[in-house]
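If you want the building blocks of each chain, they are given just below.
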Amino acid sequence: MATASSTPVAPSFNWKRYPEAEALVGALLDRAIDGSRFLGDLKQKMLSETSTRLADWVDYLVVTDRPGLNVRVLDADFAKSPIPFALGATVYTHEGGMFPRIVVCSGAGPEIREVGIKVESVADFSRAHD
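Residues numbered from 1 in each chain as written. Predicted model: local features only at pLDDT ≥ 70, side-chain atom pairs only at ≥ 80, totals over all residues. Heavy atoms only, no water.

## A look at the overall build of the chain
Here is step 1 of the chain: The secondary structure content of the chain amounts to four helices and five strands.
Here is step 2 of the chain: Element order for the chain, N to C, with α for helix and β for strand: α-α-β-α-β-β-β-β-α.
Here is step 3 of the chain: A compact globule built from 130 residues would reach a C-alpha radius of gyration of about 14 Å, whereas the chain, at 19 Å, exceeds it by more than 25%.
Here is step 4 of the chain: Based on the C-alpha atoms only, the size of the chain along its principal axes is roughly 75 × 35 × 25 Å.
Here is step 5 of the chain: A fraction of 65% describes how many contacts in the chain between residues 6 or more apart in sequence connect residues 24 or more apart. (Helix = DSSP H or I, 4+ residues; strand = E, 2+ residues; numbered from the N terminus. Rg over C-alpha atoms; globule rule 2.2 N^0.38 Å. Contact = heavy atoms within 4.5 Å.)

Next comes the structure, spelled out in structure tokens:
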């Protein structure tokens, strides 16, 4: 008895752009680069040595709350997330695109407090970048 085998059809993928989210993350990352020579150098190294953008390696951005920032984040299609980070911090994620998490912290301080980079090995990254 012969059986018919059918190959499952892969669901179609509809790639969408999120220009507001891209602009927000880009602006925040640009401010972080302006305030950190290391990040500026890393951006150039990533581009020249791996042909990748620094933005693609960013896992999260920790920013100080400013008037209107939460509204800008929500308007860019980020949503509040239950992911814990720190006391008094609100974590935003973007479900539609591959964007870093944005962590908004209350209080005074620099606009960009921290940039978390995705690495396979912290030891290797530290050794490569002193």
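On we go from here.
## A word on the pattern of salt bridges
Opposite charge on two side chains allows them to pair when their charged atoms are near.
Here is step 1 of the chain: Counted by the stated rule, this structure contains six salt bridges.
Here is step 2 of the chain: Note that D56 is salt-bridged to R53, the shortest N-O span being 2.7 Å.
Here is step 3 of the chain: When its relative accessible area of 48% is taken as the criterion, R53 is described as partly exposed.
Here is step 4 of the chain: Among the ionic pairs, R101 bridges to D59, the shortest N-O distance being 2.7 Å. Of this pair, R101 sits in strand 4 (residues 101-105) while D59 is found in strand 1 (residues 58-64), placing the two residues 42 residues apart along the sequence. (Salt bridge = Lys/Arg side-chain N within 4 Å of Asp/Glu carboxyl O. Buried < 20%, exposed > 50% of the residue type's maximum accessible area, 1.4 Å probe, protein only.)

## With respect to the nonpolar core
Here is step 1 of the chain: If you look at the biggest cluster of nonpolar residues, it comprises 24 residues, and the most contacted ones within it are F78, I102 and V115.
Here is step 2 of the chain: Those elements that place two or more of their residues in this core are helix 1 (19-34), helix 2 (37-50), strand 1, helix 3 (69-75), strand 4 and strand 5 (112-117).
Here is step 3 of the chain: It is helix 1 that provides the largest number of residues to this core, a total of seven residues.
Here is step 4 of the chain: Other than its neighbours up to four places away in sequence, I102 contacts L24, V25, L28, L61, V63, V73, F78, T90, V91 and Y92. (Core = buried A, V, L, I, M, F, W, Y, C linked by side-chain atoms within 4.5 Å.)

## Notes on the sheet that holds strand 1
Here is step 1 of the chain: Read from one edge of the open sheet, five strands run 2-3-4-1-5, paired in mixed fashion. With one partner strand each, in any of the chains shown, strand 2 (79-81) and strand 5 form the two edges of the open sheet. Along the sheet, successive strands turn relative to each other by an average axial angle of 25 degrees, direction set aside. (Pairing = 2+ DSSP bridges. Axes fitted to C-alpha atoms, helices over the stretch in contact; angles between N-to-C directions.)

## Side note on the side chain of S81
Here is step 1 of the chain: Summarising the element assignment, S81 is placed in strand 2.
Here is step 2 of the chain: If sequence neighbours within four positions are ignored, S81 has contacts with V91 and T93.

## Quick look at the layout of surface pockets
Here is step 1 of the chain: Estimates place the volume of the largest pocket at around 730 Å³.
Here is step 2 of the chain: What lines the largest pocket is a set of 26 residues, and nearest its centre among them are E22, R53, D56, M98 and F99.
Here is step 3 of the chain: Take the lining of the largest pocket: its biggest share by element is six residues, from helix 1.
Here is step 4 of the chain: By residue class, the composition of the lining of the largest pocket is 13 nonpolar, five polar and eight charged.
Here is step 5 of the chain: Its boundaries defined by the atoms lining it, the second largest pocket holds a volume of some 270 Å³.
Here is step 6 of the chain: What lines the second largest pocket is a set of 16 residues, and nearest its centre among them are M46, W57, V119, F125 and H129.
Here is step 7 of the chain: Ranked by residue count, the leading element in the lining of the second largest pocket is helix 2, at five residues. (1 Å grid on protein atoms, 1.4 Å probe; cavity = no way out; pocket = protein on both sides within 12 Å on 5 of 7 lines; lining within 4 Å. Points joined across faces, edges and corners; volume = space filled by probe spheres on them. Nonpolar A, V, L, I, M, F, W, Y, C, P; charged D, E, K, R; others polar.)

## Looking at the side chain of T64
Here is step 1 of the chain: Here T64 is to be found in strand 1.
Here is step 2 of the chain: Since its relative accessible area comes to 0%, T64 is described here as buried.
Here is step 3 of the chain: A polar atom in the side chain of T64 sits 2.5 Å from the backbone oxygen of P110.
Here is step 4 of the chain: Among residues more than four places away in sequence, those in contact with T64 are L69, C105, G107, A108, G109, P110, E111 and R113. (Polar contact = N/O pair within 3.5 Å; in protein donor to acceptor, adjacent residues only side chain to side chain.)

These figures capture arrangement, not role.
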